[in-house]
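Observations on chain architecture
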Amino acid sequence: MRTEKLLETIDQLYLEFAKRAAPFNNWMEGAMEDLQDTFIVHTIEEIQGLSTAHEQFKATLPEADKERQAILGIHNEIAKIVQTYHVNIAGSNPYTAIDPQEVNAKWDKVRQLVPQRDQALIEEHARQQNNERLRRQFANQANVIGPWIQTKMEEIGRISIEMHGTLEDQLTHLRQYEKNIVNYKPKIDQLEGDHQLIQEALIFDNKHTNYTMEHIRVGWEQLLTTIARTINEIENQILTRDAKGISQEQMNEFRASFNHFDRDHSGTLGAEEFKACLISLGFDIANDSQGEAEFSRIMSIVDPNRMGVVTFQAFIDFMSRETADTDTADQVMASFKVLAGDKSYILADELRRELPPDQAEYCIARMAPYTGPDGAPGALDYMSFSTALYGESDL
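A few points on the structure. (Residues numbered from 1 in each chain as written. Predicted model: local features only at pLDDT ≥ 70, side-chain atom pairs only at ≥ 80, totals over all residues. Heavy atoms only, no water.)

This paragraph deals with the overall build of the protein chain. Assigned secondary structure in the protein chain consists of 15 helices and 4 strands. Across its three principal axes, the protein chain shows a C-alpha extent of roughly 160 × 55 × 30 Å. Per-residue burial for the protein chain yields a buried fraction of 36% across its 395 residues. In the protein chain, which carries 38 positive and 64 negative side-chain charges, the distance between the mean positions of the two groups comes to 9 Å. (Helix = DSSP H or I, 4+ residues; strand = E, 2+ residues; numbered from the N terminus. Buried < 20%, exposed > 50% of the residue type's maximum accessible area, 1.4 Å probe, protein only. Lys, Arg positive; Asp, Glu negative; His and termini not counted. Charge placed at Lys NZ, Arg CZ, Asp CG, Glu CD.)

This is the structure:
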């Protein structure tokens, strides 16, 4: 009866061991899987969340160790009964395949993985801190460079359409802007270097800025193109003004009319805007087939490539032709007379000294020799040249 009672006690201990060892074994297997799980994070907040969860897990280890010792204590109690009372038992625990050796082996594995996880989280936290530093470093510059580019674009646009000073004043101002823009290039290069570091760190988002390197590159190229194009436009306007004898007042009038109808400040006039501008200037463009035909003829002049827009250069070319008066030849002759020192003729050296090279050579090639009695060797007839170009003169 005593042996039967001991066997019953051992059976109850086997059952108790199985009931507690099974869930503990599952907990250890889950813990090992979690501790070895590969994690992918992109922010400090994410890695901090993982670290917090890991610390919470570590806080449960003392209680888990108590449970392990209690489970092993059940096994030890069975062994003590068997040894003390020489009970002969066949086989192992009938209720579970888990034995104390397996429990201890898995527990040791968990304890081994914990510091490894600690180190991995520390390294990842350091990496995310560096990534955040790179994000802020890029953003701090991009948030300055992006608005700077936009501001310069707007300022250049205003210089090109406003009427402060002469065209030469505008050109001087624009060239100073161009110099400032070129001097800004090292900041763009520095930002490129920061962007390279971000790419190497596999950083794909940056909550600290709305600017990407691609945005900055496109804006920078547009800025360089805009300043170069605007300088070229002003230079062409100066050439047109000088070649056609347009006064600064006339240029200001042309610009004021153009700007008034350039509603979107794009620097160009659409077809309807251009038509309205012409009508306001007194052009007779009726709203009928004849008027449409006349407007189509004008558009073919100012927009030969049929782009659908009229630039200011094309506008002043057209207006200078349309508003040219009969005094043009006289004005040109008067200008040549000043260059010639009040002589009735002009010398090639004088033209080369006073005019741009291309204009001087143009005049020299087309002026007839001067035949008056007061002529000098190589004298050129600027009067006949002016009359041939601009019509009859009263001089």
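Next up on the list: the layout of surface pockets. When its volume is computed, the second largest pocket comes out at roughly 440 Å³. For the second largest pocket, the lining is made up of 22 residues, of which Ser160, Arg229, Glu233, Ser266 and Gly267 are closest to its centre. Mapped onto the lining of the second largest pocket, the elements with two or more residues apiece are α4 (100-161), α7 (213-244), α8 (248-261) and α11 (312-322). Each residue belonging to the lining of the second largest pocket can be placed in one class, and the counts come to 6 nonpolar, 11 polar and 5 charged. (1 Å grid on protein atoms, 1.4 Å probe; cavity = no way out; pocket = protein on both sides within 12 Å on 5 of 7 lines; lining within 4 Å. Points joined across faces, edges and corners; volume = space filled by probe spheres on them. Nonpolar A, V, L, I, M, F, W, Y, C, P; charged D, E, K, R; others polar.)

Applying the stated criterion across every chain, the model contains 1 cavity of 30 Å³ or more. By volume, the largest cavity amounts to about 70 Å³. Forming the boundary of the largest cavity are 11 residues, of which Leu167, Gln170, Gln237, Met251 and Arg255 lie nearest the centre. Residue classes in the lining of the largest cavity are distributed as 4 nonpolar, 5 polar and 2 charged.

Another aspect to go through is the pattern of salt bridges. Pairing of side chains with opposite charge becomes possible as their charged atoms draw close. The tally for this structure, following the rule as stated, stands at 27 salt bridges. Between Asp205 and Arg135 there is a salt bridge, with its nearest N and O atoms 3.6 Å apart. Placement of the pair is Asp205 in the loop between α6 (185-200) and α7 and Arg135 in helix α4, with a sequence separation of 70 residues. Each of Glu132, Arg135, Arg136 and Asp205 takes part in salt bridges that share partners, so that together they form one network. (Salt bridge = Lys/Arg side-chain N within 4 Å of Asp/Glu carboxyl O.)

The next point concerns the nonpolar core. Trp220, Phe274, Leu278, Val310 and Phe315 are the most contacted members of the largest nonpolar core, which has 48 residues in total. At the level of elements, α4, α5 (167-183), α6, α7, α8, α9 (271-280), α10 (289-302) and α11 are the ones that each hand at least two residues to this core. If you look at the next biggest cluster of nonpolar residues, it comprises 25 residues, including Leu13, Met28, Met32 and Val114. (Core = buried A, V, L, I, M, F, W, Y, C linked by side-chain atoms within 4.5 Å.)

Relative to the 46 Å expected for 32 residues at 1.5 Å per residue, α7 spans 46 Å between its end C-alpha atoms, a close match to the ideal helical length. At the exit of α7 stands Gly245, carrying a positive phi of roughly 65 degrees. (Expected span 1.5 Å × (residues − 1).)

Looking at the element boundaries, Gln313 is found in helix α11. If sequence neighbours within four positions are ignored, Gln313 has contacts with Glu233, Asn236, Gln237 and Thr240. (Contact = heavy atoms within 4.5 Å.)

Before going further, it helps to spend a moment on the environment of Ala334. Structurally, the position occupied by Ala334 is in helix α12 (residues 328-339). A C-alpha to C-alpha distance of 50 Å links Ala334 and Val218, two positions 116 residues apart in sequence.

All right, on to unusual backbone geometry then. Positioned with a positive phi, His86 is a non-glycine residue whose angle comes to about 50 degrees. Inspection of the secondary structure assignment puts His86 in the loop between α3 (61-85) and α4. Taking relative accessible area as the criterion, His86 reaches 69% and is therefore assigned exposed. We note that Leu202 has phi near 60 degrees; this positive angle belongs to a residue other than glycine. Here Leu202 shows up in the loop between α6 and α7.

Attention shifts here to the packing of α5 against α7. Each pair of packed helices can be described by the angle between their axes along with the distance between the axes. Relative orientation of the contacting elements α5 and α7 amounts to 160 degrees, with a least axis distance of 10 Å. By the angle class used here, α5 and α7 are roughly antiparallel. For α5 against α7, the interelement crossing comes out left-handed. Seen from α5, the contacting residues are Leu167, Glu168, Gln170, Leu171, Leu174, Arg175, Tyr177, Glu178 and Ile181; seen from α7, they are Trp220, Leu223, Leu224, Ile227, Thr230, Ile231, Ile234, Glu235, Gln237, Ile238 and Arg241. The residue inventory of the contact of α5 with α7, partitioned by class, reads 12 nonpolar, 3 polar and 5 charged. (Axes fitted to C-alpha atoms, helices over the stretch in contact; angles between N-to-C directions. Parallel < 35°, antiparallel > 145°, perpendicular 65-115°, else oblique. Left-handed = near helix turned anticlockwise from the far one by under 90°.)

As a further point, take α9. The complete set of buried residues in α9 reads Phe274, Lys275, Cys277 and Leu278. In a view along the axis of α9, the buried residues occupy a sector of 160 degrees, so they form one face of it. Elements in contact with the buried residues of α9: α8, β1 (268-270), α10, β2 (309-311) and α11. Looking one or two places after α9, you find Gly282, whose phi comes out positive at around 100 degrees. (Arc of directions from axis to C-beta.)

Secondary-structure assignment places Thr268 in strand β1. When its relative accessible area of 21% is taken as the criterion, Thr268 is described as partly exposed. Beyond its immediate stretch of four places on either side in the chain, Thr268 contacts Phe258, Asp262, Glu273, Val309, Val310 and Thr311.

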